[in-house]
Every structure is written in structure tokens, then in C-alpha cells.
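Coordinate inspection notes
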Amino acid sequence: MTRPGVLQIGSMKDKCSPQEWQARVDLAACYRLVDIYGMSDMMANHISSRVPGEEGAFLINAYGMMYEEITASSLIKVDVSGKILGKPDFGGLDYGINRAGYVIHSAIHEARPEVGCVIHTHSWASMAVSALECGLLPITQTAMRFLKIGYHEYVGVVLDEAEKASLVADLGQGEALILRNHGALTVGKTIGEAFNWMHRLELACHSQLAAMATNSPLRKVPESVLAETWNNYQPGTRRPYGLMEWPALLRKLDRLDPSFRD
């Protein structure tokens, strides 16, 4: 029986490896979570995941689907050159991928082979901070994690592959990037790790805007304390992000709507 408002997409489970299928399930979950936590922008923006065991291949959303309806089978597999390696039958809709999404995500996946997931958002909080000359301020413990966040200057919609080099350079070896006058981007070795970075970046942006809105002086933290706090968030001093909460987040989704697994 068909459900009103639900795209009927054939399963891709038998058309890919078990490793790719797991990546598809986790990536679909990430799309749903970004929506649940208020960071989606209808069908705009993109989250990608490297395909395990396939060099240069990654999964990304079909341009035209809302985050809340993304499923494991609806994701499109593409390589860093832009070639579509696999996609489901969307019928008359025949969805493809977003050009800007391809440029941004292929640049990072090609330059940073250790990165398993890339998340790009246009949330109102990250867009607001991206437009502030001061950028993200280390005025809360959460924001101190982003003490060395990168910044990428706005030069227009990311459609030109010539922008790949500056995008990669501005991200460097970091996990988070403010796209000036645009939004935010985070990466992680796993999907859970990248989501953790984006969730915390969003909280940092929200708290800064709330504090600034009071029009009261902002309480500064000594540089030595900022540096020590930042260091406590680094890989060498703690377990990987996402490791603890990702299984719980999947359980949350299973309680709400397990269709992301389809």
C-alpha cells in the first residue's frame, strides 16, 4: 500500500555492498537528525558520506527531496569527477544532485581522504554569525571548542570548481569552517563525528547571538584558559566525537520514524 506524500523508491540494499548499505543508513539518519534539530533548509544544502572500499566515491542527497524524507535507498552515489555511479529510479522526477553540493563535497573528499562525512548547513544561526565581522567568539565553553575555526570568504554561489582549492585551504586540517555570508561546514571521520561537530557549532552560534542580543558587555575568558579548554576538545585528549551518542540518536529516530532505513 502506498502512503500519501511518500515517494515510492525501490530498495538499493541488494545493489550495494553491506558496508555501503550501512553508510547509506547512517547518512539518511544524519539528514533526518539535521532536520529534527532545526538545521535544514527545505531541499537545499547537502551532507555526504564516503563509500567504504570505493576510492573517490561518496553518497549525497537527491536534489529535490526534503531532509525529513531522505532514506538509505534515495541517496545518489557519485565520484569526485562528478560521474553518477548509482542512483535509484525516481520515476518521472528523475532527481540528480546539486551542483554546489558536488563542488564543495568532492573538493573535501578528494583532499582529505580521512574524512568520512561532510555536512553543510544554512541554519539561521550559522548564517547570522557568518555575516558578523567578529565571526564566532569563544564566549562559552562550547564555542571554545571552535577557537581555531577556519573562515572562507564569500565569492558567490559555489558552482565554479576553481573555488575548490581555496575551500580546502581554508578548512585546512580542521573540522569546522564558517562560510562567510553563507553558512557553516563540518567534517568528521565518521557520520556521527561530523554531526556532533555541527550540532555543537550550531549551539555556539545560537548562544553567541542570544548573548549579543542583550546589548550587554560580553564576559571575556583569559587566553590561557581558552587555549587549555580548546586542547581538552582535541583528539589526543578525548575519545572520538559521536562514539557515545550516535547509537542513541539512531534509537531516537527508530522511535520517531524508522523509514530512514528503507
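Residues numbered from 1 in each chain as written. Predicted model: local features only at pLDDT ≥ 70, side-chain atom pairs only at ≥ 80, totals over all residues. Heavy atoms only, no water.

With that settled, the discussion passes to the nonpolar core. Within the largest apolar cluster, 71 residues are counted, with the highest numbers of intra-cluster contacts made by Ile47, Phe195, Leu201 and Trp246. Examining the composition of this core, we find that ten residues originate from one element, helix α1 (residues 18–36), more than from any other. When residues no more than four places from it in sequence are discounted, the contact partners of Trp246 are Asp26, Ala29, Cys30, Leu33, Ile191, Gly192 and Phe195. (Core = buried A, V, L, I, M, F, W, Y, C linked by side-chain atoms within 4.5 Å. Buried < 20%, exposed > 50% of the residue type's maximum accessible area, 1.4 Å probe, protein only. Helix = DSSP H or I, 4+ residues; strand = E, 2+ residues; numbered from the N terminus. Contact = heavy atoms within 4.5 Å.)

Buried residues of helix α5 (residues 164–171): Lys164, Leu167 and Leu171, and no others. In an axial view of α5, the angular spread of the buried residues amounts to 65 degrees, which keeps them on one side of the axis. Across α5 from its buried face, at more than 90 degrees, point the exposed residues Ala165 and Ala169. Where α5 is buried, its residues touch α2 (99–111), β6 (150–152), β7 (176–179) and β8 (183–188). Taken from the residues just after α5, Gly172 is the one with a positive phi, measuring 60 degrees. (Arc of directions from axis to C-beta.)

Before going further, it helps to spend a moment on unusual backbone geometry. Here Asn181, not a glycine, exhibits a phi torsion of approximately 55 degrees, which is positive. Along the chain, Asn181 turns up in the loop between β7 and β8. You will see that Asn215, though not glycine, has its phi angle at about 60 degrees, which is positive. Looking at the element boundaries, Asn215 is found in the loop between α6 (191–213) and α7 (223–232). In this structure Asn215 comes out as exposed when scored by relative accessible area, which is 71%.

This next bit is on α2. The terminal C-alpha atoms of α2, which comprises 13 residues, lie 18 Å apart, in line with the 18 Å expected from a rise of 1.5 Å per residue. With ten of 13 residues buried, α2 is to be regarded as a mostly interior element. Looking at the buried residues of α2, the elements they touch are β1 (46–50), β2 (57–60), β3 (76–79), β5 (117–121), α5 and β8. The N-capping residue of α2, defined by a side-chain oxygen 2.9 Å from the backbone nitrogen of Ala100, is Asn98. (Expected span 1.5 Å × (residues − 1). Polar contact = N/O pair within 3.5 Å; in protein donor to acceptor, adjacent residues only side chain to side chain.)

Right, let's get into the packing of aromatic side chains. For the coordinates displayed, the defined rule picks out six aromatic pairs. Residues Trp197 and Tyr241 carry aromatic rings whose centres are separated by 5.3 Å and whose planes lie at 70 degrees to one another, so their mutual orientation is edge-to-face. Residue Trp197 is found in helix α6, and its partner Tyr241 is found in the loop between α7 and α8 (246–256); the two are separated by 44 residues along the sequence. By way of ring pairs, the aromatic residues Tyr37, Phe195 and Trp246 are connected into one cluster. When the ring centre of Tyr241 is taken as reference, the NZ or CZ atom of Arg145 above it lies at 3.6 Å. (Phe/Tyr/Trp six-rings, centres within 6.5 Å; stacked < 30°, edge-to-face > 60°. Lys NZ or Arg CZ within 6 Å of the ring centre and 35° of its normal.)

Further remarks concern the pairing of β5. Burial of β5 is extensive: five of the five residues sit out of reach of the surface. Of the two faces of β5, the one carrying Cys117, Ile119 and Thr121 and the one carrying Val118 and His120 are both buried. Sheet topology places β1 next to β5; four bridges connect them, and they run antiparallel. Along β5, the bridge assignment pairs His46 with His120. When β5 meets β8, the two strands line up antiparallel, connected through five bridges. Bridge pairing links Ile119 to Thr186 in β8. (Pairing = 2+ DSSP bridges.)

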